[in-house]
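The chain contents come next:
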Amino acid sequence: MFSQETYIRRRSELKKLVGKGVIILFGNNDAPANYPANCYAPMRQDSSFIYYFGQHRNGLVGVIDIDNDEEWLFGDDIDVEDIVWMGFTPSVKMLAFEVGVAHTAPLSAIKNAICKKSGNRQSLRENIHFLPPYRFDTKIQIMDLLGIHPSKQKEAASLTLIQAVVKMRSTKEAQEIEAIDRACDVGYAMHTTAQLLIRPGVTERFIGGQVDGIARSLANQVSFATIFSQHGEIMHGNPSEAKLEAGRLALCDAGCELDDYCSDHTRTMPVTGKFTQRQLEIYSIVEACHDYVLEVAKPGVRYMDVHFAVCRMMTDRLKELGLMRGDTEEAVRAGAHAMFLPHGLGHMMGMDVHDMEGLGQIYVGFDEETRPNLEQFGTNCLRMGRRLQEGFVVTDEPGIYFIPALIDEWRASGHCKEFLNFDKLETYKDFGGIRIEDDVLITQDGCRFLGSKRIPYHPAELEEFMKNNQ
């Protein structure tokens, strides 16, 4: 938790941006895994609720009445029976005081309070601002409170509030950057642990479990489900019971959450500790694309332009290997590069590993001049295209993947056949995939890696690290 003044200042700025009405920010509740008393732990509070109200306890709702300049924290105090099982928990009034909120009330009072502030049901629907819900229990709360069916709540969410939250959370404060730096340092420990454990015969699940253990030992939890697989061509390949095999590549995409802020890195390693020539040829392309971003990302640059510059660079290099052909500009315009890179170059990151994605990616990653082409494969998966600003945190994560099903489908349909050498692609169906990802802070005149230590990724450096530490 930051200082009381931080949350007071944030709510004050939010009131100015939204202008009028009543803002409701729902905190999260415990989520049972398989029966009521067995909940997923630790509980993950809603990020926007944390940003403005700072508290992590379940069952809280924050209300900001802009017109009357009042701020409320609604929630129920726990009783002795709860204390027996969970220990002491501060009262709602104490929680409110810690973040500078003057008014509190039981959760049961929120409906009457909102109705009084809005006068009647019609004005309540017109003057209430809430964010798009992503949990079913929150959807039920909104239906009970505002009478909006869950199927209509996404479209009924306040665009004014969404835009205000995106504006504020996109630019990271110095204390937020420090928190992300710390999370990235844990990310270093997670990924170097994986690099030290990789060898033939070890299972994917064992290494994935060790990576998760580092996150839970040195931070709060993982920031997303750890990806560790020899099938790097599967974007979200969860660890399996498969044993690592000599000659294969292992891809590890993992991060932690520490003090409400995330890290997100990806490394791809040779199982034997040394790349084959064919692996090195593809790896060096991804490495060059990754490092190009560090040269050009700065305030004022559109991240969409950086993405397509990377796509052109990748296409040129793949042409040198005989995997692509034809005019580079035409190939990228047609989306032929998406055979190898079906996702975007990166995404915003902060309190959420895909920061604010639940608010609508079109508002978080884009603006009027950078709306993505949602009809084209690959381009439709861009998550970040807007002009970079100082204080933005974005991921830099190019990759090259050889996806057998995609190769077969495009070959059968003739899609982009003038730009792709399908005969040669056939020989890469057993290759897997390569991704290199780091978290980047946009600075006044450029960008920098986040975290005090760089996870090895340059081929010679990586091979040396794996050799000397196994």
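This text goes with the structure placed above it.
Conventions and cut-offs
- Residues numbered from 1 in each chain as written.
- Predicted model: local features only at pLDDT ≥ 70, side-chain atom pairs only at ≥ 80, totals over all residues.
- Heavy atoms only, no water.
- Axes fitted to C-alpha atoms, helices over the stretch in contact; angles between N-to-C directions.
- Helix = DSSP H or I, 4+ residues; strand = E, 2+ residues; numbered from the N terminus.
- Parallel < 35°, antiparallel > 145°, perpendicular 65-115°, else oblique.
- Left-handed = near helix turned anticlockwise from the far one by under 90°.
- Contact = heavy atoms within 4.5 Å.
- Nonpolar A, V, L, I, M, F, W, Y, C, P; charged D, E, K, R; others polar.
- Patch = residues over 30% accessible without salt bridge, like charges linked within 9 Å, V, L, I, M, F, W, Y side chains within 5 Å.
- Areas by Shrake-Rupley, 256 points an atom, 1.4 Å probe, with all protein chains shown as cover.
- Salt bridge = Lys/Arg side-chain N within 4 Å of Asp/Glu carboxyl O.
- Phe/Tyr/Trp six-rings, centres within 6.5 Å; stacked < 30°, edge-to-face > 60°.
- Buried < 20%, exposed > 50% of the residue type's maximum accessible area, 1.4 Å probe, protein only.
- Lys NZ or Arg CZ within 6 Å of the ring centre and 35° of its normal.
- Expected span 1.5 Å × (residues − 1).
- 1 Å grid on protein atoms, 1.4 Å probe; cavity = no way out; pocket = protein on both sides within 12 Å on 5 of 7 lines; lining within 4 Å.
- Points joined across faces, edges and corners; volume = space filled by probe spheres on them.
- Pairing = 2+ DSSP bridges.

## Focus on the packing of helix α10 (residues 174-197) against helix α18 (residues 459-469)
To characterise two packed helices, one gives the angle between the axes of the helices and the distance between these axes.
Argument step 1. In the contact formed by α10 and α18, the axes pass within 8 Å of each other and the chain directions differ by 65 degrees. One way to sum up the angle between α10 and α18 is to call them roughly perpendicular. As α10 runs across α18, the sense of the crossing is right-handed. On the side of α10, the interface is formed by Thr192, Gln195 and Leu196, while α18 contributes Leu462, Phe465, Met466 and Asn469.
Argument step 2. Taken together, the residues of the contact of α10 with α18 sort by class into 4 nonpolar, 3 polar and no charged.

## Regarding a nonpolar patch on the surface
Argument step 1. Judged by side-chain polarity, Val80, Val84, Trp85 and Met86 come together as a nonpolar surface patch covering roughly 570 Å² of accessible area.
Argument step 2. Take Val80: it is sitting in helix α3 (residues 80-86).

## Considering the packing of aromatic side chains
Argument step 1. For the structure shown, the criterion picks out 10 aromatic pairs.
Argument step 2. With centroids separated by 5.6 Å and ring planes inclined at 15 degrees, the aromatic side chains of Trp72 and Phe74 adopt a geometry described as stacked.
Argument step 3. Accessibility expressed as a relative area gives 1% for Phe74, which makes it buried.
Argument step 4. Relative to Phe431, the ring of Tyr428 lies with its centre 5.9 Å away and its plane at 40 degrees, an arrangement referred to as tilted.
Argument step 5. By relative accessible area, which is 5% here, Phe431 ends up buried.
Argument step 6. Among the aromatic residues, ring-to-ring pairing joins Phe340, Phe402, Tyr428 and Phe431 into one connected group.
Argument step 7. The ring of Tyr428 is capped by Arg278, whose NZ or CZ atom sits 4.5 Å from the centre of that ring.

## Brief notes about helix α12 (residues 277-296)
Argument step 1. The terminal C-alpha atoms of α12 lie 29 Å apart, and with 20 residues this matches the ideal 28 Å at 1.5 Å per residue to within 8%.
Argument step 2. Those residues of α12 not exposed but buried are Gln279, Ile282, Tyr283, Ile285, Val286, Glu287, Cys289, His290, Asp291 and Val293.

## Points about the layout of surface pockets
Argument step 1. A volume near 940 Å³ is recorded for the largest pocket.
Argument step 2. Considering the residues around the largest pocket, the lining is formed by 39 residues, among which Asn28, Arg44, Tyr134, Arg135 and Asp352 are closest to the centre.
Argument step 3. Sorting the residues of the lining of the largest pocket by element identifies β1 (22-26), α2 (47-53), α7 (136-146) and β8 (221-222) as the ones contributing at least two each.
Argument step 4. For the lining of the largest pocket, the residue count by class is 22 nonpolar, 10 polar and 7 charged.
Argument step 5. Quantified by volume, the second largest pocket comes out at close to 660 Å³.
Argument step 6. Lining the second largest pocket are 23 residues, and of these Asp30, Arg57, Asn58, Ile78 and Met86 lie nearest its centre.

## Focus: the sheet that holds β8
Argument step 1. Here 3 strands make up an open sheet; going across it, the order is β8-β11-β12 and the pairing antiparallel. This sheet does not close on itself; its edge strands, each paired only once, are β8 and β12 (261-262).
Argument step 2. Here β8 pairs with strand β11 (residues 256-258) via 2 bridges, running antiparallel. Directly across from Gln221, in β11, lies its bridge partner Glu257.

## Some points on the environment of His337
Argument step 1. Relative to the helices and strands, His337 resides in the loop between α14 (328-334) and α15 (361-364).
Argument step 2. The class of His337 is buried, set by a relative accessible area of 2%.
Argument step 3. C-alpha separation for the pair His337 and Val222, spaced 115 residues apart in sequence, amounts to 32 Å.
Argument step 4. Ignoring any residue separated from it by four or fewer positions in sequence, one finds His337 in contact with Phe308, Cys311, Thr315, Met324, Ala331 and Val332.

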